Amino acid sequence: MKRHQFLKACAAALCLAASSASMAQTFPTKPIRLIVPFPAGGATDLFARTLSQKMGEKLGGTLVIDNKPGAGGAIGSDMAAKAPADGYTLLLATTSTHSIGPFISKVPYDTVRDFTPIGHVGDAPSIMLVPNNSPAKTVREWIDHAKKNPGKLNYASSGNGTIVQLTAELFKAQAGIFVTHIPYKGTALAIPDLITGKVDVLFDSLPTGMPHVRDGRLRALGVTSLKRSPLAPDLPPIADTLPGFESNTWFGLYGPKGLPADLVARINTAANQALSDPEMRDKLSRLGIEPTTSTPAQFASMVAEDAAKWKKIIVERKITGD
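Our subject in this report is the structure included herewith.

Definitions and limits used
- Residues numbered from 1 in each chain as written.
- Predicted model: local features only at pLDDT ≥ 70, side-chain atom pairs only at ≥ 80, totals over all residues.
- Heavy atoms only, no water.
- Buried < 20%, exposed > 50% of the residue type's maximum accessible area, 1.4 Å probe, protein only.
- Helix = DSSP H or I, 4+ residues; strand = E, 2+ residues; numbered from the N terminus.
- Pairing = 2+ DSSP bridges.
- Right-handed = clockwise from strand over helix to strand, strands pointing away.
- Expected span 1.5 Å × (residues − 1).
- Arc of directions from axis to C-beta.
- Contact = heavy atoms within 4.5 Å.
- Phe/Tyr/Trp six-rings, centres within 6.5 Å; stacked < 30°, edge-to-face > 60°.
- Lys NZ or Arg CZ within 6 Å of the ring centre and 35° of its normal.
- Core = buried A, V, L, I, M, F, W, Y, C linked by side-chain atoms within 4.5 Å.
- Salt bridge = Lys/Arg side-chain N within 4 Å of Asp/Glu carboxyl O.
- Lys, Arg positive; Asp, Glu negative; His and termini not counted.
- Polar contact = N/O pair within 3.5 Å; in protein donor to acceptor, adjacent residues only side chain to side chain.

## Digging into the pairing of strand β1 (residues 32-36)
Within β1, four of the five residues are buried, which leaves it mostly tucked inside the rest of the structure. Bridging between β1 and strand β2 (residues 63-67) involves five bridges; their strand directions are parallel. Bridge pairing in β2 links Leu34 to Ile65. With helix α2 (residues 43-59) bridging β1 and the parallel β2, this β-α-β connection has right-handed handedness. Direction of pairing for β1 relative to strand β3 (residues 89-94): parallel, over a ladder of three bridges.

## Quick look at helix α11 (residues 296-316)
In a regular helix each residue adds 1.5 Å, so 21 residues correspond to 30 Å; α11 covers 30 Å between its end C-alpha atoms and thus fits that length. Listed as buried for α11 are Phe299, Val303, Asp306, Ala307, Trp310, Ile313 and Ile314. Viewed along the axis of α11, the buried residues span an arc of 125 degrees, placing them on a single side of the element. Exposed residues lying more than 90 degrees from the buried face of α11 are Ala297, Glu305 and Val315. Tucked inside the fold, the buried residues of α11 contact α4 (95-104), β4 (115-131), α6 (163-175) and β9 (248-256). Directly after α11, the chain includes Lys318, whose backbone phi takes a positive value near 55 degrees.

## Description of unusual backbone geometry
The omega angle of the peptide bond from Phe27 to Pro28 is 0 degrees, so this bond is cis rather than trans. Within the secondary structure, Pro28 is located in the loop between α1 (2-26) and β1. Even without being glycine, Ala71 reaches a positive phi, approximately 55 degrees. Take Ala71: it is sitting in the loop between β2 and α3 (74-81). At Lys318, a residue that is not glycine, the phi angle is positive and equals roughly 55 degrees. With respect to the helices and strands, Lys318 occurs in the segment after α11. With relative accessibility at 71%, the residue Lys318 sits in the exposed group.

## Focus on the packing of aromatic side chains
The full count for this structure, using the stated rule, is nine aromatic pairs. Judged by centre distance (6.0 Å) and plane angle (90 degrees), the ring pair of Phe171 and Phe245 falls under edge-to-face. Here Phe171 is found in helix α6, whereas its partner Phe245 is found in the loop between β8 (218-223) and β9, with 74 residues between them in sequence. Joined through ring pairs, the aromatic side chains of Tyr109, Phe115, Trp250, Tyr254 and Phe299 make up one cluster. Its end group placed over the ring of Tyr88, Lys30 keeps NZ or CZ at 4.8 Å from the ring centre.

## Quick look at helix α5 (residues 139-148)
For α5, the set of buried residues is Val139, Trp142, Ile143 and Ala146. All buried residues of α5 project into a common sector of 100 degrees when viewed along the axis, lining one side. Summarising the contacts, the buried residues of α5 are in contact with β4, α6, β7 (201-205) and β8.

## Looking at the nonpolar core
For soluble globular proteins, nonpolar side chains are generally found buried alongside one another. One finds Met128, Trp142, Phe171, Ile177 and Ile238 to be the most contacted residues of the largest nonpolar core, which totals 47 residues. At seven residues, the largest contribution of residues to this core is made by α6. Once you skip the residues sitting within four places of it in the chain, Trp142 turns out to touch Met128, Val130, Ser134, Ala136, Leu153, Phe171, Ile177, Val179, Asp200, Val201 and Leu221. Ile32, Ile118, Ala124 and Leu259 belong to the second-largest nonpolar core, a separate cluster that totals 31 residues.

## Examining the pattern of salt bridges
Counted according to the given criterion, the structure contains 16 salt bridges. Across the pair Arg217 and Asp215 runs a salt bridge, and its minimum N-O distance is 3.3 Å. For Arg217, a relative accessible area of 34% puts it in the partly exposed group. Residue class for Asp215 comes out exposed when judged on its relative accessible area of 51%. Counted as one network, the salt bridges with shared partners bring together Arg33, Asp66 and Lys68.

## Section: the side chain of Asp204
Summarising the element assignment, Asp204 is placed in strand β7. Among buried charged residues, Asp204 stands out as having no salt bridge; its nearest opposite-charge side chain is Arg217, 10 Å away. At a separation of 3.0 Å, a polar atom in the side chain of Asp204 contacts the side chain of Thr208.

See the structure below:
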């Protein structure tokens, strides 16, 4: 009896493997839904629309963008987690949905258990901006200035619990300084006060911050990536002053849990091929995004490290979304 059950189990496993391989070979046979858990017109949406066309060409199919905004990306992410694991529903996740959001507020999904990692597809570093009348010309000078004026300087953010606030808090923690937080409803609203000197520093995204630097209205001291960014090659990394400092908004592809390995490999290959295309890289650069490629395992490892870093800052600094 045991031998018979064992043989039946082996046969079932072989059938499942054959079915999976056959699915991967014929995939896709219909449009693939790429859920973007943020509104149309935002950075994640623009990235998705740029990536989807080239990825579709590599897969021999069509990727259809489905914007499902709300709750900081949790609504769309939850929909993706609960979709069938057949490769026809994917999620373009970000730092907010998988590294920060779950530690700021309760989300209806487990970022590890409920998803299948497919690939890390892009990073968007930020830049450290100060007013032109700031006495600091470098990151080191700004830190020294803050240490001489504890509690007298402030930083702006796009709101409580955002990557902008967390980047500033990470900077404070590593620099050992005390700077007051002033939350705004978006960095665009903080820029006028930064220009006039009412705000002392802001960690803003490259696409929105650099135009003010080029026009001479603000001064940029450094970039938040570990190395110099090809998007702003003249800016030194803050990590040159604070070793290991890094803050990127990452973008990555996930499928629902249980997505067959053959399909994961097929989609990952298509994404990596699309992101290696020179035209694609140029388009993403203009969006302020550095395209990246990875294996599913490398992506999962990166997210785990990133989430642990932000969880530490959130807990230690008692950061909430309120």
